[in-house]
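Report on the structure
Here is what each chain is made of, one letter per residue.
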Amino acid sequence: MAVTQQTPATGSRRDYWRARLSGWRGDIGRAWSYPAVRRGFLGSALLFAGSLTPAYLPQNSPWWDPLRALGLDNWWARAFGTALVVAAVALLVEAWFKLRPSLYHEVKHWPITLLWSLPLLLAPPIFSHDAYAYAAEGWLLQNGLNPYDNPISVLPGPFADQAAWLWRYTTAMYPPLSLEMFHGLVILAGNDPYWSAVAMRIPALAGVALIAYFVPRLAHRIGADVQMAAWFSTVNPLVIIDLVGGAHNDALMMGLVVLSLWLAYQGKFWWAAILVGVAACIKQPAILAFYPVALIGHPWRTFRWRDTSSALLRLLLSFAVAVATFVAISLASGLGFGWVWAADVPGRVVTLAPFTLLGTGLQWVLTFFGQPDLGALVLTGTRYLGLLLTAVGIGWLGLTVGRRRPVTFLSWSYLIFAFGGIALNSWYLTWGGILLPLTKPTERIAGTAVSVTTVLLAYEAGNLSWRNDAVALGFAGLAVILVMLYQHHQERENHLAAQKGSR
């Protein structure tokens, strides 16, 4: 009797998975039938080819031998690589714009994320050398060295050689779980330097998969625009290029944060708070998610004692559980908390951070007039001013907007943190950007977010052009991308005007 009961169950399970696989193949095939999706795929493929430009590859990259054998180690090759990258970014942006009206309603978002990511899986890290540093820190652990006590340069060789020169002489700034993850991926890659860096895409892909799965569901749960969430948060070229192409651990951090928000909406407070601590052990900014996890389903309605005490208790519990999880993982790893001493490492290079740019400009002026010491002091003071304003801004959000709209608090806080910090890289903006559609943004805010995304993509392509001594191509690409942005906004305004006229 047991056999007769098990056979139908097994058959039903097999039939279920056959139906699911058939449905997934159908979703992918339908997505591929859209010309815009195919153009985006071509853009990703061109980005892979353009990433092999000599100006961006470490000198010990395995791609050098075939490039030199083909005679591609020259200015013309760099210019051609630049042209490919500019064309790739333009194609991805144009495809992204064209998909907006039909995405989610006519074609599902996840097959597009998958298709656009595929060409980048074996490519060298795109627009960033961070993945090489991840691999080098994993290599330190493989050799029994603590990355919090030893810079990458302690172990000269191929792992150190492929890391950016500055990161070779600094200790690790990442939490212990990230370092252990890097270590495991180095082992998985057979201790090969290049493939260890490429393997950093595995957790990045897991993070993007969590984002693609849960963000539209969160939008539906909150009552936000599901189509906007799918379009802006999952097929955004910035997500594809920076999180998948760049293999940044920000992808897994945000994937876990999104999952923690989903668990909170399902009423699983304790699991959500624990997951915030796990996410913070991938990258520290995740800890801010303790706030929405505490208030989702239990808004802080008024400042009356009863409401305030209840809210503060949940906030305290959420924070305590997240921090306890972070501490427990840190102690279990045996690595400790040495990342604290490297907290200023990202600010050692000039990035897009507004306060750092302002301070650097003032420092240059003061140095020019013979006051270098005062210039250094002004730079430090400007950065601390930015951090102070960031803390004040996040605190103000917590006491105002965040009390009733906790996810909005998290999105806006991440954006404030990114702009007010000592360093700003384009992938930092994905923290708040991924959550932005869940805040039910106005058309003006959504349009600004699209503009910022497009300009950042143009900046990344232009930065590569600068490195390749092909600046003119970069400016040409920037002009093309900005024209497409203008056309997209015009089309969007016309569409909205037509909708209003039909009411």
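Predicted model only: the values in this text are computed from it and were never measured. (Residues numbered from 1 in each chain as written. Predicted model: local features only at pLDDT ≥ 70, side-chain atom pairs only at ≥ 80, totals over all residues. Heavy atoms only, no water.)

Quick notes on the pattern of salt bridges
In this structure the tally under the stated criterion is 4 salt bridges. A salt bridge links E94 to R39; its shortest N-O distance comes to 2.9 Å. Linking E94 in helix α4 (residues 75-99) with R39 in helix α2 (residues 35-50), this pair joins segments that are 55 residues apart in sequence. Among the salt bridges present, the one from D73 reaches R68, with a minimum N-O distance of 3.6 Å. (Salt bridge = Lys/Arg side-chain N within 4 Å of Asp/Glu carboxyl O. Helix = DSSP H or I, 4+ residues; strand = E, 2+ residues; numbered from the N terminus.)

Observations concerning the nonpolar core
Here is a general trend for soluble globular proteins: nonpolar side chains tend to be buried in one another's company. Ranked by internal contacts, the top residues of the largest apolar core, which has 141 residues, are I112, W116, W231, M254, L410 and Y414. The element contributing the most residues to this core is helix α13 (residues 250-265), with 13 residues. The contact partners of W116, leaving out residues within four places of it in the chain, are A36, V37, G40, F41, S44, L92, A95, W96, L99, V235 and I240. (Core = buried A, V, L, I, M, F, W, Y, C linked by side-chain atoms within 4.5 Å. Buried < 20%, exposed > 50% of the residue type's maximum accessible area, 1.4 Å probe, protein only. Contact = heavy atoms within 4.5 Å.)

As for the layout of surface pockets
There is about 560 Å³ of room inside the second largest pocket. Along the wall of the second largest pocket there are 19 residues; nearest its centre are H109, W110, A212, Y213 and R217. The set of elements that each furnish at least two residues to the lining of the second largest pocket consists of α1 (2-32), α5 (110-117) and α10 (201-222). At 7 residues, the largest contribution of residues to the lining of the second largest pocket is made by α10. Partitioning the lining of the second largest pocket into residue classes produces 12 nonpolar, 3 polar and 4 charged. (1 Å grid on protein atoms, 1.4 Å probe; cavity = no way out; pocket = protein on both sides within 12 Å on 5 of 7 lines; lining within 4 Å. Points joined across faces, edges and corners; volume = space filled by probe spheres on them. Nonpolar A, V, L, I, M, F, W, Y, C, P; charged D, E, K, R; others polar.)

Some details on empty space enclosed by the protein
Under the definition given, this model contains 2 cavities of 30 Å³ or more. Considering only enclosed or pocket space, the second largest cavity measures out at about 40 Å³ in volume. As for the second largest cavity, its lining consists of Y134, M181, F182, M200, P203, A204, A247, H248, N249 and L252. Among the elements of the structure, α8 (176-188) and α10 are those that each provide at least two residues to the lining of the second largest cavity. Per-class residue counts for the lining of the second largest cavity are 8 nonpolar, 2 polar and no charged.

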